[in-house]
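The chain contents come next:
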Amino acid sequence: MADRDEDLPRDAKIVKTLLKSMGVDDYEPRVVHQFLELWYRYVADVLTDAQVYSEHAGKAAIDCDDVKLAIQSKVNFSFSQPPPREVLLELARNRNKVPLPKSIVPPGIALPPEQDTLISPNYQLVIPKTRPSQTVEETEEDEEGVDPNSSQEQNADVPQNTPQRVSFPLGAKRPR
């Protein structure tokens, strides 16, 4: 491994030394290349910004103040500091002064209507209505002496051929 270190460029050796000083002993060799790429891109961005600041100031060359300003603007742009604790506490106090509205909904979790839930009946059983025979109706009417028109009115209210639908929920226990 010492032979490989001699072949590395100076910047790669610096990165390896930096990793070792931070206590990182085991890493992939590509980590060094990724860190170097990040390092070069950052330096190029800072120097480009410093050149813009230098040209804006009317200077012929970039000086130390331009580089410091570029680094500071990069740090301010990349990282934002949270507001001080006192400011946050004051905002919280102001917000908490306003009371919460009265709750219209009862406590607990609001559930959807029963027909939209998984526990609602999910199938229907069609039970056809049995029609009594005509002879039975005639004999009952004759024996009771009931007006035949009234029985027809009762039959007109309930359609004869409409099946009756009965629903059963899944998992419901039957009484014994």
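First things first, this report covers the structure right here in the doc.

Reading the values: the criteria
Counting from 1, residues in each chain are numbered in the order their sequence is written. Note on the predicted model: pLDDT of at least 70 is required for a residue's local features to be given, and 80 or more for side-chain atom pairs to be given and counted; whole-chain, interface and lining totals, by contrast, use all residues. To get the side-chain values, all heavy atoms of the structure are used, and hydrogens and water are removed first. Two aromatic rings, drawn from Phe, Tyr or Trp (for Trp, its six-membered ring), form a pair once their centres lie within 6.5 Å of each other, and the interplanar angle then sorts them: stacked below 30 degrees, edge-to-face above 60, tilted otherwise. In this description a helix means any DSSP run of H or I spanning at least four residues, a strand means any run of E spanning at least two, and both kinds are numbered starting from the N terminus. Whether a residue is buried, partly exposed or exposed follows from its accessible area with a 1.4 Å probe, protein chains only, as a fraction of its type maximum: under 20%, in between, or over 50%, in that order.

1. Some details on the packing of aromatic side chains
- Enumeration over the complete set of coordinates arrives at two aromatic pairs.
- Seen in terms of ring centroids, Phe 35 and Trp 39 are 6.4 Å apart; in terms of plane orientation they differ by 50 degrees. Their pairing is tilted. You can see Phe 35 and its partner Trp 39 sitting in helix H3 (residues 30-57), four residues apart, about one turn around the helix.
- Phe 35 sits in the partly exposed class, given a relative accessible area of 36%.

2. A word on the environment of Ile 14
- Looking at the element boundaries, Ile 14 is found in helix H2 (residues 10-21).
- For Ile 14, a relative accessible area of 32% corresponds to the partly exposed category.
- Distance from Ile 14 to Val 32, taken between C-alpha atoms, is 9.6 Å for residues 18 residues apart in sequence.

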